[in-house]
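# Observations on the three-dimensional arrangement
These are the residues of each chain, in order.
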Amino acid sequence: MAEQRKLWPFHGGLHLDDHKAESNASPVRSVALPRRLILPLQQHIGQRAEPVVSVGDAVRKGQLIAQATDYVSASIHAPSSGRVVEIGAAPIPHPSGLSDTCIVIETDGLDSWDELPAAMPDYRNADAADLRERIRWAGIVGLGGAAFPTAVKVNTSGQRPIDTLVINAAECEPYITCDDVLMREQAADVIDGIDILSHLIGARECLIGIEDNKPEAAEALRRAIAGRASGHDDRPIEVVVVPTLYPSGGEKQLILLLTGREVPSHGLPAAVGVLCQNVATVVAVADAVLRGRPLIERIVTVTGGGAKQPGNLRVAIGTPIDFLIAQAGGYSTHINQLILGGPMMGFGLRSDKVPLTKATNCLLAASRTETPNSQPERPCIRCGECARVCPAQLLPQHLYWHARARDFDKAQEYNLFDCIECGCCAYVCPAHIPLVAYYRFAKTEIWAQERDRDKSDLARRRHEARVARLERLEQERKARLRQKKEALDSKSGKTGAGDAKKAAIEAAMQRVAAKKAAQQVESGTE
Amino acid sequence: MQFSISSSPHQSGQQSVTRVMGLVLLALVPGTLAMFWYFGWGPIINLGIATATAVAAEAAVLHLRGRAIGVTLIDLSAVVTAWLLALALPPLLPWWQTAMGSVFAIVVVKQLFGGIGHNPFNPAMAGYVLLLVSFPVTMTRWLPPDVVSGSALSLADSLHIIFSGTPPLGQTWDAISSATPLDQMRTELSQNRMIGEIRQSPLWGDFGGRGWEWIGNWYLLGGLFLIWRRVIGWRIPASMLAGLVLIAGLFWAIDPDTHPFPAFHLFSGGAILGAFFIATDPVSASTTPRGQLIYGALIGLLVFVIRTWGGYPDAVAFAVLLMNMAAPTIDHYTQPRIFGQRGRGDA
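Residues numbered from 1 in each chain as written. Chains lettered and ligands numbered in written order. Predicted model: local features only at pLDDT ≥ 70, side-chain atom pairs only at ≥ 80, totals over all residues. Heavy atoms only, no water.

If you look at the interface, chain A gives 63 residues, while chain B gives 41 residues. Buried surface at the junction of chain A and chain B, both sides included, amounts to about 4,500 Å², of which 52% is carbon and sulfur. Linking chain A with chain B are 2 salt bridges, by the criterion used here. The partner of Glu262 of chain A in a salt bridge is Arg337 of chain B, with the nearest N and O atoms 2.7 Å apart. Counting across the chain A and chain B interface gives 21 residue pairs in polar contact (both at pLDDT 80 or more). At the level of elements, α7 (251-259), β15 (335-340), β16 (347-349), α10 (385-389), α11 (396-404), α13 (424-428) and α14 (435-492) of chain A are the ones that each hand at least two residues to the side of chain A that touches chain B. Residues belonging to the side of chain A that touches chain B are distributed by class as follows: 34 nonpolar, 16 polar and 13 charged. (Contact = heavy atoms within 4.5 Å. Buried area = accessible area lost by both parts, 1.4 Å probe. Salt bridge = Lys/Arg side-chain N within 4 Å of Asp/Glu carboxyl O. Polar contact = N/O pair within 3.5 Å; in protein donor to acceptor, adjacent residues only side chain to side chain. Helix = DSSP H or I, 4+ residues; strand = E, 2+ residues; numbered from the N terminus. Nonpolar A, V, L, I, M, F, W, Y, C, P; charged D, E, K, R; others polar.)

Residue and element names in this part refer to chain B. Scanning the entire structure with this criterion turns up 5 cavities of 30 Å³ or more. Roughly 390 Å³ of volume is contained in the largest cavity. Taken together, 29 residues form the lining of the largest cavity, with Ala88, Trp212, Gly269, Gly270 and Asp314 sitting closest to its centre. Those elements that place two or more of their residues in the lining of the largest cavity are α4 (77-88), α6 (123-134), α13 (212-228), α15 (262-268), α16 (271-278) and α18 (316-333). (1 Å grid on protein atoms, 1.4 Å probe; cavity = no way out; pocket = protein on both sides within 12 Å on 5 of 7 lines; lining within 4 Å. Points joined across faces, edges and corners; volume = space filled by probe spheres on them.)

Moving on, we get to the domain arrangement of chain A. Interface size is often expressed as the accessible area that is lost when the parts come together. All names here are of chain A. Split by domain assignment, chain A resolves into domain 1 (29-113 + 124-363) and domain 2 (383-488). Each of domain 1 and domain 2 has a C-alpha centre, and these two points are 32 Å apart. Listed as interface residues are 7 residues of domain 1 and, on the opposing side, 10 residues of domain 2. For the pairing of domain 1 and domain 2, the buried interface totals around 720 Å² over both sides, and the portion due to carbon and sulfur atoms is 58%. Counting the surface domain 1 buries against domain 2, the share from its top three residues, Gln253, Met344 and Met345, is 52%. Applying the counting criterion to the domain 1 and domain 2 interface returns 0 salt bridges. Across the contact surface, domain 1 and domain 2 share 3 residue pairs in polar contact (both at pLDDT 80 or more). Residue classes in the side of domain 1 that touches domain 2 are distributed as 4 nonpolar, 3 polar and no charged. (Domains from an automatic or database assignment.)

What follows deals with helix α11 (residues 181-190) of chain B. The α-helix winds at 3.6 residues per turn, so residues separated by three or four positions along the chain end up facing the same way. All names here are of chain B. Residues Pro181, Leu182, Asp183, Gln184, Met185 and Glu188 constitute the buried set of α11. Among the structural elements, α12 (195-198), α13, α15 and α17 (289-309) are those in contact with the buried residues of α11. Just downstream of α11 lies Asn192, where phi reads positive at about 65°. (Buried < 20%, exposed > 50% of the residue type's maximum accessible area, 1.4 Å probe, protein only.)

Residue and element names in this part refer to chain B. Mean pLDDT over chain B stands at 88; residues scoring 70 or higher make up 97%. For chain B, the element scoring lowest by mean pLDDT is helix α8 (residues 146-149), at 67; helix α5 (residues 95-110) scores highest, at 95. Here residues 343-347 is a poorly scored stretch, pLDDT under 50, and it has 11 contacts once near neighbours within four places are set aside; other chains count. (pLDDT = per-residue confidence, 0-100.)

Residues and elements named next belong to chain A. Tracing the backbone shows Arg60 in the loop between β4 (58-59) and β5 (64-67). Every residue in contact with Arg60, bar those within four places of it in the chain, is listed here: Ala78, Ser80, Ser81, Ser112, Trp113, Asp114 and Glu115. Within the local environment of Arg60, its side chain forms a polar contact with the backbone oxygen of Trp113, the two atoms lying 3.3 Å apart.

As a further point, take the sheet that holds strand β10 (residues 205-211) of chain A. All names here are of chain A. Ordered in space as β11-β10-β9-β12, the 4 strands form an open sheet in which the pairing is parallel. Taken across any chain shown, the strands that pair with only one partner, and hence form the sheet edges, are β11 (237-242) and β12 (274-278). The average undirected angle you get between the axes of adjacent strands in this sheet is 25°. With 5 bridges joining them, strand β9 (residues 164-168) and β12 adopt parallel strand pairing. Residue Thr164 lies in a different strand from β12, and its bridge partner there is Val274. Along the sheet, helix α6 (residues 215-226) contacts β10 and β11; its crossing angle with β11, the most-contacted strand, is approximately 165°. Across the face of the sheet, α7 comes into contact with β9, β10, β11 and β12 while running at roughly 120° to β9. (Pairing = 2+ DSSP bridges. Axes fitted to C-alpha atoms, helices over the stretch in contact; angles between N-to-C directions.)

Okay, the packing of aromatic side chains next. All names here are of chain B. Counted under the stated rule, the structure contains 17 aromatic pairs over all chains. The interplanar angle of 70° and the centroid separation of 5.5 Å between the aromatic rings of Phe39 and Trp142 together place this pair among those described as edge-to-face. Residue Phe39 is found in helix α1 (residues 17-39), and its partner Trp142 is found in the loop between α7 (136-139) and α8; the two are separated by 103 residues along the sequence. Exposure remark for Phe39: the relative accessible area of 3% places this residue in the buried category. The class of Trp142 is buried, set by a relative accessible area of 7%. Between the aromatic rings of Trp142 and Trp212, the centroid separation amounts to 5.0 Å while the plane-to-plane angle is 55°, which identifies the pairing as tilted. One end of the pair, Trp142, is in the loop between α7 and α8; the other, Trp212, is in helix α13, with 70 residues separating them in the sequence. (Phe/Tyr/Trp six-rings, centres within 6.5 Å; stacked < 30°, edge-to-face > 60°.)

To continue, consider the pattern of salt bridges. Residues and elements named next belong to chain A. Summed over the entire model, instances satisfying the criterion amount to 29 salt bridges over all chains. Asp180 is the partner of Arg184 in a salt bridge, and the nearest nitrogen-oxygen pair spans 3.2 Å. Residue Arg184 and its partner Asp180 are located together in helix α4 (residues 178-185), separated by 4 residues, close to a single helical turn. Taking the relative accessible area as the measure of exposure, Arg184 reaches 29% and is therefore partly exposed. Counted as one network, the salt bridges with shared partners bring together Arg5, Glu205 and Glu238.

Below, the structure is given as structure tokens:
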């Protein structure tokens, strides 16, 4: 093994009990296909996908059922064969607990594949646009949880050239092990995906950041790198083991840790010549390019004291979570809360009758001891512990103070939007203040204000445009009248009697207008 | 199945305000025992009076404000305030003065500003200063440490003095009381005596007042414990002591006959207690890393200035209160650079 690469530690962070052993001991299990698959049209950041099937249509596995509508959007494919039985509102896994439009497929159990596009084993000679188009077709989004369309992320044209591809294999949140087992079992696919992406973006090297609590996965990756077919101009790939420190898997934190480059506040990694991808996303890219397969399944961790058989499952996207948990052995009697994602950044589900989406990496069936009753919130004593652990180097106690006082300008002055909501501050707060909830509240309020401002700006602009247009029309009308009159005058050349008559008519007209106006004022005041 | 939901993060650490305050109290134990060792029962009786009145006053105000009493009292902050005040008071202060300082600290300085977390000033020091300016005679009437006087006051005598306000039968104040080393240093310097002569007095130990220097050491131990347990940061104590030593050292180097050795400043009055337990009160101190360095250093500087040219025997309380006022401004100008912002706010 090569000598340890130099690391650039980020500020703050927490040493947490990782609780990985509960779920990473056994290999990935497959689960049965549910009767109904529910596919929300919005599983990603960006525009909702547009259905291209109708109720009653038969669909086959891998068939496109909803098309990306905008540049920032992602297509959706049928995870299995069957028939579309419904397109309408259904509950989705979202912090709001609201419903959204979903395509519901009744599976036929045959699981028969649709015709897939040709594999591209020769991707090194393919055009970058074709590769991006394939990734876009496959509906791939960031599988680490953010669900940003990958095809958009890898389109680096017009930006600063990317020299380093960073693969996020840190999986720093406690409990989650889906990336861990994926790397152990599909290390070769990970490396294939990296080669494709490196080629696509023209990166000089690739660094895989992985926490030191996953030695088996790191070893599997190293073996896969060593076993890579040589002869191509493949870029060097290095597995960089980093200390287990939450949140080392934060994109900006990991990039700093591995490269020493600090992504600017409000900026993208591209600004420092880096592209960062989650390890599961990379495997999805390999599937799409080398096998022509769309993103229709993923590995999800089911764990926690409230789950009877914690482990990792390979699941079709759209599988209802209650079905999935039942397949995984069901709930134990200790179940208290169901959290989608990890314990630090995940959100609670009110109901398990929602589907698994592309972004679902973990279902934490938390027992009572894993979600301790929240203690009473006390006043902040400004101890500064939050600032000591903040990986974004913010002053959380000041953010809290201004968010609570609804002084949102001040909160933004203290860089509210640089908060990554990792939860470190709330974790250490001795006064048990739900700090992250305050920041979310402030962000939401600011967004709402901005929307309102945009709306009123638009209304004002419209109004001004209308007034200007009416003014212009009036001017034009007057100009036409004047021209006509001048033409008439010059033609007739007569004056005198006509003028007196005209003056009398005008005076009468004015009297009528004044009377009308008076009536209007009267009726207006009534 | 339906579940309850809560906001992330869904885990939390073991830290609590009660634990923080409890650790502060624990760290005060060695210094308090040293006070008992050198000054007898007086400090312990003061501690009892201050704690009882502080807790009672806090409970009363919380009741008036319509707040839950038990939930707030359990945070132990009132006990910490009372304890710090008691340690700063002369051992034989009349009981009602101790009680008054304690009630003022809790009711006016803490609760009237909104309770824990909202007080702009350090309550214990504000209470101390109120007593010092109101009762300058009793507040400067200290005992000599037992190692100097050779005899200790009994518990009964101490109680008698504190609760009656008069010296024991057949004794006078002059016989039992003494000035603090800082006070004596100032008085004698003002009489144009040299440091070398002053140091001949039996009140002096190796580098500070006899007894006092050891109390300082025990506070130091407690303070280091707090830094180790991450209850306080190192910046404020270090910068305050460094600021004090630097300026004291400068003047000592210029004229060692009229300015005491810097260690004297550290170990004679409340400097160590102030540096680790009082200036570090998070509510009233600066919170940014660089701000804390400035805040601490300026307290150290002010302590020297007030001790050397001011009219009061010790200066920690005044220096801390003055810098409490400056803390928000210091914070404003010392905001740290955030992730991804190079150079901003480094002015």
